[in-house]
Amino acid sequence: MICGRRMWLLGAGAALAGCGFQLRQTPPLPMRSIALVGFSKTSPLASALKAELERAGVALRDNPAQAEAVFDTLGDVREKTVAASTAAGQVREVQLRVRLRFRVATPSGKLLLPASDLLLTRDMSYNETAALAKQQEELLLYRAMEDDIVAQVLRRLASVKLGA
């Protein structure tokens, strides 16, 4: 009986290994250098985007004239609104939003990607007795949404045609 289970587990492991499963990776980007313009100095979204661009081998330039592409941030906003409250006015649910509006152009002004909006929302229950835990949950949800937006930005940057 035990030998049969081991054989089944080995067979299942071999099947998974041979199926070609692979974690999603950063797509290859057509530019070797990019300038990020318009982010605030304290933007967590900018920090996450910079880290992923560097991991992908793209050099970050401070001067847009020295870059192959210019990522122009038109809006980078975190929002929190009350989604539901009790009859007594206590907050029961909040909605978190991360919104990024951007465009990508060459240093000479040729538009590579038109103005695009990315918006992610998450609903979170709220309980005043667990305010500290809910604050930590909020930060984790914001970080997860920002990671999702960065992945979407990288996929859009991978579609850019520089030479045409």
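Residues numbered from 1 in each chain as written. Predicted model: local features only at pLDDT ≥ 70, side-chain atom pairs only at ≥ 80, totals over all residues. Heavy atoms only, no water.

Participant: Would you mind going over the overall build of the chain with me for this structure?
Facilitator: For the chain, the helix and strand inventory stands at three helices and five strands. Listing the helices and strands of the chain from first to last along the sequence gives α-β-α-β-β-β-β-α. For the chain, buried positions account for 29% of its 164 residues. When contacts within the chain are restricted to residue pairs at least 6 apart in sequence, long-range pairs at least 24 apart make up 69% of them. Summing over all exposed atoms, the chain offers an accessible surface of approximately 10500 Å²; the carbon and sulfur share of this is 54%. (Helix = DSSP H or I, 4+ residues; strand = E, 2+ residues; numbered from the N terminus. Buried < 20%, exposed > 50% of the residue type's maximum accessible area, 1.4 Å probe, protein only. Contact = heavy atoms within 4.5 Å. Areas by Shrake-Rupley, 256 points an atom, 1.4 Å probe, with all protein chains shown as cover.)

Participant: Explain helix α3 (residues 131-158) here, please?
Facilitator: Note on helix geometry: an α-helix contains 3.6 residues per turn, so any two residues three or four positions apart are oriented the same way. Between its terminal C-alpha atoms α3 stretches 41 Å, which fits the 40 Å expected from 28 residues at 1.5 Å a residue. Residues of α3 that are buried: K134, E138, Y142, M145, E146, I149, V150, V153, L154 and L157. Structurally, α3 contributes buried residues whose contacts are with β1 (33-37), α2 (44-55), β3 (69-85), β4 (91-105) and β5 (111-125). (Expected span 1.5 Å × (residues − 1).)

Participant: Sorry, what's going on with the side chain of E146 here?
Facilitator: Tracing the backbone shows E146 in helix α3. Engagement of the side chain of E146 in a polar contact is seen with the side chain of R78, the distance being 2.9 Å. (Polar contact = N/O pair within 3.5 Å; in protein donor to acceptor, adjacent residues only side chain to side chain.)

Participant: It is not clear to me how the pairing of β5 should be interpreted in this structure. Could you clarify?
Facilitator: On a regular strand, one side chain projects to one face of the sheet and the next to the other, so that they alternate. With 12 bridges connecting them, β4 and β5 associate as antiparallel partners. Paired with F102 across the strands is S116, a residue of β5. (Pairing = 2+ DSSP bridges.)

Participant: What is the right way to read α2 from this model?
Facilitator: Here α2 spans 17 Å end to end across 12 residues, near enough to the 16 Å set by a 1.5 Å rise per residue. Within α2, the full set of buried residues consists of L45, A46, A48, L49, E52 and L53. The arc enclosing the buried residues of α2, seen along the axis, measures out at 165 degrees, which places them on a common side. Along α2, the residues that are exposed and aim more than 90 degrees away from the buried face are E54 and R55. Contact partners of the buried residues in α2: β1, β2 (59-60), β3, β4 and α3. At the N-terminal boundary of α2, the capping side chain belongs to S43, with an oxygen 3.3 Å from the backbone nitrogen of L45. Among the residues trailing α2, G57 stands out with phi positive, at a value near 90 degrees. (Arc of directions from axis to C-beta.)

Participant: Is there a simple way to think about the packing of aromatic side chains in this case?
Facilitator: Two descriptors summarise a pair of aromatic rings, namely the distance from one centre to the other and the angle between the planes of the rings. Summed over the entire model, instances satisfying the criterion amount to two aromatic pairs. For the pair F39 and F71, a centre-to-centre distance of 6.0 Å together with 5 degrees between the ring planes defines the contact as stacked. Of this pair, F39 sits in the loop between β1 and α2 while F71 sits in strand β3, placing them 32 residues apart in sequence. Accessibility classification places F39 together with F71 in one group, the buried group. Centre to centre, the rings of F71 and F102 are 4.8 Å apart; their planes meet at 15 degrees, and the pair counts as stacked. (Phe/Tyr/Trp six-rings, centres within 6.5 Å; stacked < 30°, edge-to-face > 60°.)

Participant: Quick question: what am I supposed to make of the nonpolar core here?
Facilitator: A general feature of soluble globular proteins is that nonpolar side chains tend to end up buried together. The biggest cluster of nonpolar side chains holds 31 residues, and the ones touching the most others in it are F71, V153 and L157. Within the residue set of this core, elements represented by two or more residues are α2, β3, β4, β5 and α3. Per element, the largest residue contribution to this core is seven residues, and it comes from α3. (Core = buried A, V, L, I, M, F, W, Y, C linked by side-chain atoms within 4.5 Å.)

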